[in-house]
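A closer look at the structure
These are the residues of each chain, in order.
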Amino acid sequence: MPGALVVEDDEIIGRILAAGLEEQGHEVTWCVTGALALRAATQGPVGVCIVDLGLPDAEGLDVVRSLRRSHPQAVIVVATARGEAIDIVAGLDAGADDYLVKPFTMMEVLARLRAHTRRLSPVAPPAPLVAGALTVDTDRRTVSVGGVTAPVRPKELELLALLARSVGRAVSRQVVLRELWPDPGRSAQKSLNVTLTTLRQKLQEAATTAGVDAPVITTLHSFGYRLEVDGAACG
Ligand code: CA
């Protein structure tokens, strides 16, 4: 959860905003002047800013402009008593993503922050699994060895990803069957054997083309499998 900056000289409102954001899991810095806010903004990452326009030492719009320059990705919401259309336009033009006119409820503040955060933070795709020369990208559904793509089928990719998550360690046959074949039985066992054979061939072919050692899927008698990759950390 990104850090939150509350810039508000009114003690009651500041306390409510800080408490509400803390409850949502933000680490909150509450500043009562513009100068303190700009200093706090240099201390670490800021994901969310709520800024009052009527501050004792500064024009809130200048604070908004400055925060927008230093934190282009942050969600900045102006929260102020100034509710004229011209004030709202000025606030948004200064770089605010949203504008709330007092009195407002914490519920509304949080809902608006959620709406903006959703837009700015799409769910990050899983990072590719990398072990030595092997890369398994479960998001793009690709496997490569030494930079050469191995044309794997979905089941082969899932099996390899499962083993790559535990590279250098044994994974039991039961775990493999349970994870990848929803209906484990004799046909699942047979399907696993076929998948292993074709996967090994494809890894070997890609490795040969790339001129690197192939990742090896070792069968552990009466137990399961272990992926061994040259140069990959085992543990
Ligand atoms: Ca004020």
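Since this is a predicted model, take the numbers as computed values, not measurements.

**So, the coordination of the calcium ion**
Surrounding the calcium ion are the protein donor atoms Asp9 (OD), Asp52 (OD) and Gly54 (O), which sit 2.2 to 2.4 Å from the metal. Read in sequence order, the donor residues coordinating the calcium ion give the pattern D-x42-D-x1-G. In this pair, Asp9 sits in the loop between strand E1 (4-7) and helix H1 (11-23) while Asp52 sits in the loop between strand E3 (48-51) and helix H3 (60-70), placing the two residues 43 residues apart along the sequence. For Asp52, a relative accessible area of 5% corresponds to the buried category.

**Re the pattern of salt bridges**
In the structure shown here, the tally under the stated rule is twelve salt bridges. The salt bridge partner of Glu59 is Arg82, with a shortest N-O separation of 3.3 Å. Placement of Glu59 in the loop between E3 and H3 and of Arg82 in the loop between strand E4 (75-80) and helix H4 (85-93) is noted, with a sequence separation of 23 residues between them. Looking at Glu59, the relative accessible area reads 31%, which means it is partly exposed. Under the relative-accessibility criterion, Arg82 is labelled partly exposed at 30%. Measuring nitrogen to oxygen at the nearest pair gives 3.2 Å for the salt bridge that ties Arg226 to Glu228. A relative accessible area of 30% means that Glu228 is categorised as partly exposed. One network of salt bridges, in which partners are shared, links Glu8, Asp52 and Lys102.

**Here we look at the domain arrangement of the protein**
Per the domain assignment, the segments making up the protein are domain 1 (3-120) and domain 2 (129-228). Once you take the C-alpha centre of each, domain 1 and domain 2 turn out to be 50 Å apart.

**Structural notes on the sheet that holds strand E12 (residues 224-228)**
Taken together, three strands build an open sheet; the order of strands is E10-E12-E11 and the sheet is antiparallel. Of all strands in the sheet, those with a lone pairing partner are strand E10 (170-172) and strand E11 (216-220), marking the two edges. With strand direction ignored, the average angle separating the axes of adjacent strands in the sheet is 30°. Helix H7 (residues 173-180) rests against E10 and E12 of the sheet, and its axis sits at about 60° to E10. Across the face of the sheet, helix H8 (residues 186-210) comes into contact with E11 and E12 while running at roughly 150° to E11.

**A short note on the packing of helix H6 (residues 154-164) against H8**
It is the contact of H6 with H8, at a shortest axis distance of 9 Å, that shows an interaxial angle of 85°. The angle between the axes of H6 and H8 places the two elements in the roughly perpendicular class. Counted together, Lys155, Glu156, Leu159 and Leu160 of H6 and Leu192, Thr195, Leu196, Thr198, Leu199, Lys202 and Leu203 of H8 form the full contact between these two elements. Of the residues in the contact of H6 with H8, the class split is six nonpolar, two polar and three charged.

**Describing the nonpolar core**
Grouped together as the largest cluster of nonpolar side chains are 32 residues, with contacts concentrated most on Leu134, Val143, Val176 and Leu227. At the level of secondary structure, the elements contributing two or more residues to this core comprise strand E7 (134-137), strand E8 (142-145), H6, H7, H8 and E12. The contact partners of Leu227, leaving out residues within four places of it in the chain, are Leu134, Leu160, Leu163, Ala164, Val167, Gly168, Arg169, Pro215, Val216 and Ile217.

**Re H1**
Between its first and last C-alpha atoms H1 spans 18 Å; for 13 residues at 1.5 Å apiece the expected length is 18 Å, and the two agree. Those residues of H1 that sit buried are Gly14, Leu17, Ala18, Gly20 and Leu21. Each buried residue of H1 sits inside an arc of 165° when the element is viewed along its axis, so together they form one side. Opposite the packed face of H1, turned more than 90 degrees from it, sit the exposed residues Ile12 and Glu23.

**Topic: the sheet that holds E4**
Taking strand neighbours across the sheet as the criterion, the five strands line up as E2-E1-E3-E4-E5 in an open arrangement whose pairing is parallel. Edge positions in the open sheet fall to strand E2 (28-31) and strand E5 (98-101), since each of these has one partner strand only. On average, each strand axis in the sheet is tilted by 15° relative to the strand beside it, whichever way the strands run. Summarising the sheet, E4 and E5 pair through four bridges and their orientation is parallel.

Cut-offs and rules
Residues numbered from 1 in each chain as written. Predicted model: local features only at pLDDT ≥ 70, side-chain atom pairs only at ≥ 80, totals over all residues. Heavy atoms only, no water. Donors = N, O, S within 2.8 Å, 3.2 Å for Na, K, Ca; no water. Helix = DSSP H or I, 4+ residues; strand = E, 2+ residues; numbered from the N terminus. Buried < 20%, exposed > 50% of the residue type's maximum accessible area, 1.4 Å probe, protein only. Salt bridge = Lys/Arg side-chain N within 4 Å of Asp/Glu carboxyl O. Domains from an automatic or database assignment. Pairing = 2+ DSSP bridges. Axes fitted to C-alpha atoms, helices over the stretch in contact; angles between N-to-C directions. Contact = heavy atoms within 4.5 Å. Parallel < 35°, antiparallel > 145°, perpendicular 65-115°, else oblique. Nonpolar A, V, L, I, M, F, W, Y, C, P; charged D, E, K, R; others polar. Core = buried A, V, L, I, M, F, W, Y, C linked by side-chain atoms within 4.5 Å. Expected span 1.5 Å × (residues − 1). Arc of directions from axis to C-beta.

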